[in-house]
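# Report on the structure
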Amino acid sequence: MTDQLTISTLTLQHRIPDDWAADPWAEVRPLIDGVDVLKEVHPEGVAFSCRHWTGPAESWPLAVTEERRRVMITEPTCTAGCCGALYVTMRREGDRVIWDSWENTGNVLSVPADFRFDAAQYEAELARAAADRSWEEPVDTVARLLEQTLADSGWFERWGCVLTSVSPRRAEPGLPEELTSPEGVDVEFHQVRGPGERTDFYGYELFVTRDQSVDEQVRRLANHILADDPRKTAEIGR
């Protein structure tokens, strides 16, 4: 355990997971005093995706209040029930944020030390990371802006559908071209049905190019989807 008077510094780092197919969005990795202490005790664990950092501040994965909260801070790409996860309890006490009561249900039984952070630095770092776009590659930016455009349009609701997800699709280095899809964006949605009726799932496999700006590509992809009933132009059964 660290000295109770030691105040640590939290840094949040965006990182594309090695197994990005499990979640193509960047994880927001917590470093403590510049060290990835979570990797030391839970090497297979992945931190919360940046997709969980888009709502109000109180909904962010590492947000704290005076009430103690147990958080699964890293989990494997399968499930926590399969290969275990790393948990920590966090709370705010005055001008300090405290992480303690660690629990490791993975193959490694050790856990990190308890940590204390300056609350002002901690909360400023959470806000900085939530707003950070510097890590994005063009395919990430296209996916993020396309999702925003589609959500704001109300297009899927017009056809009795719900937009399920918009995510980047990355090129997989080292694989033959015939075994991988080109870099692009995947859009998934489903049709709303009544109780007891089958739900139909749909998807678009869209492609990005190197010769258009991000804004041009967002317009091109959005126009493709918004041109007609998406149930007719998308692939069914994804």
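Structure: see above.
Residues numbered from 1 in each chain as written. Predicted model: local features only at pLDDT ≥ 70, side-chain atom pairs only at ≥ 80, totals over all residues. Heavy atoms only, no water.

### Looking at the nonpolar core
A general trend in soluble globular proteins is that nonpolar side chains are found buried together. Keep this limit in mind: Nonpolar cores are built from buried Ala, Val, Leu, Ile, Met, Phe, Trp, Tyr and Cys residues. Side-chain atoms within 4.5 Å join them into one set. Only protein chains enter the accessibility calculation, which uses a 1.4 Å probe. A residue is then buried if its area is under 20% of the maximum for its type, exposed if over 50%, and partly exposed in between. Here, two residues are considered to be in contact whenever any of their heavy atoms come within 4.5 Å of each other.
Grouped together as the largest cluster of nonpolar side chains are 52 residues, with contacts concentrated most on Leu62, Trp99, Tyr122, Leu146, Val185 and Val187. Apart from the residues lying within four places of it in its own chain, the contact partners of Val185 are Val139, Val142, Ala143, Leu146, Val166, Ser167, Arg169, Tyr204, Glu205, Leu206 and Val208.

### Digging into the environment of Pro182
Stated precisely, the cut-off is as follows: For helices the rule is a DSSP run of H or I covering at least 4 residues; for strands it is a run of E covering at least 2, with both sets numbered from the N terminus onward.
When you line up the elements, Pro182 lands in the loop between strand 7 (161–169) and strand 8 (184–191). A C-alpha to C-alpha distance of 7.5 Å links Pro182 and Arg170, two positions 12 residues apart in sequence. Beyond its immediate sequence surroundings of up to four residues, Pro182 is in contact with Arg169 and Phe207.

### Topic: the sheet that holds strand 9 (residues 201–207)
Through backbone hydrogen bonds, the strands of a sheet pair up, either in parallel or in antiparallel fashion. The line we're drawing: Note on pairing: two strands pair once DSSP finds at least 2 bridges between them. Axes here refer to lines fitted to C-alpha atoms; in helices the fit is confined to the stretch in contact. Angles between the N-to-C directions go from 0 to 180 degrees.
Ordered in space as 7-8-9-10, the 4 strands form an open sheet in which the pairing is antiparallel. Looking at which strands have only one partner, the edges of the open sheet turn out to be strand 7 and strand 10 (235–236). Along the sheet, helix 4 (residues 138–153) makes contact with strand 7, strand 8 and strand 9, crossing strand 7 at roughly 170°.

### With respect to the sheet that holds strand 3 (residues 69–74)
Pairing within the open sheet is antiparallel, and its 4 strands lie in the order 3-4-5-6. Looking along the sheet, the strands with just one partner apiece sit at the ends: strand 3 and strand 6 (115–118). Strand-to-strand, the axes of this sheet are offset by a mean angle of 30°, without reference to chain direction. Bridge count between strand 4 (residues 86–93) and strand 5 (residues 96–104): 7 bridges; the pairing is antiparallel. Bridged to Leu86 within strand 5 is Asn104. Most of the contacts of helix 3 (residues 119–131) go to strand 6, to which it runs at about 80°, and overall it touches strand 4, strand 5 and strand 6.

### Details of unusual backbone geometry
Unusually for a residue other than glycine, Asp33 sits at a positive phi of about 55°. Its place among the elements puts Asp33 in the loop between strand 2 (27–32) and helix 1 (37–41). Of note in this structure, Ser101 is not a glycine but carries a positive phi near 55°. Secondary-structure assignment places Ser101 in strand 5. We classify Ser101 as partly exposed; its relative accessible area is 42%.

### Points about the packing of aromatic side chains
Quick note on the threshold: Stacked, edge-to-face and tilted labels apply to pairs of Phe, Tyr and Trp rings (six-membered ring for Trp) whose centres lie within 6.5 Å, assigned for plane angles under 30 degrees, over 60, and everything in between, in that order.
Scanning all chains against the criterion turns up 10 aromatic pairs. Ring geometry for Trp53 versus Trp60: centroids 6.0 Å apart, planes at 35°, classification tilted. Like Trp60, Trp53 is buried. Note on Trp99 and Phe117: the rings are 5.1 Å apart at their centroids and 70° apart in plane angle, and the pair reads as edge-to-face. Of this pair, Trp99 sits in strand 5 while Phe117 sits in strand 6, placing them 18 residues apart in sequence.

### Some words on the pattern of salt bridges
Side-chain pairing between opposite charges can occur once the charged atoms of the two side chains come close. Spelled out, the test is: Take a side-chain nitrogen of Lys or Arg and a carboxyl oxygen of Asp or Glu: if they are within 4 Å of each other, that pair is a salt bridge.
This model, assessed by the stated rule, comprises 21 salt bridges. A salt bridge links Glu147 to Arg51; the nearest nitrogen and oxygen atoms lie 2.5 Å apart. Here Glu147 is found in helix 4, whereas its partner Arg51 is found in the loop between helix 1 and strand 3, with 96 residues between them in sequence. A relative accessible area of 29% places Arg51 in the partly exposed class. Where Asp118 meets Arg96, a salt bridge forms, and the shortest distance between an N and an O atom there is 3.6 Å. Of the two residues, Asp118 is situated in strand 6 and Arg96 in strand 5; the sequence distance between them amounts to 22 residues. Asp118 sits in the partly exposed class, given a relative accessible area of 27%. For Arg96, a relative accessible area of 21% gives the class partly exposed. The network of salt bridges with common partners includes Arg15, Glu27, Arg29 and Asp36.

Interpretation in functional terms is not warranted from these geometric data alone.
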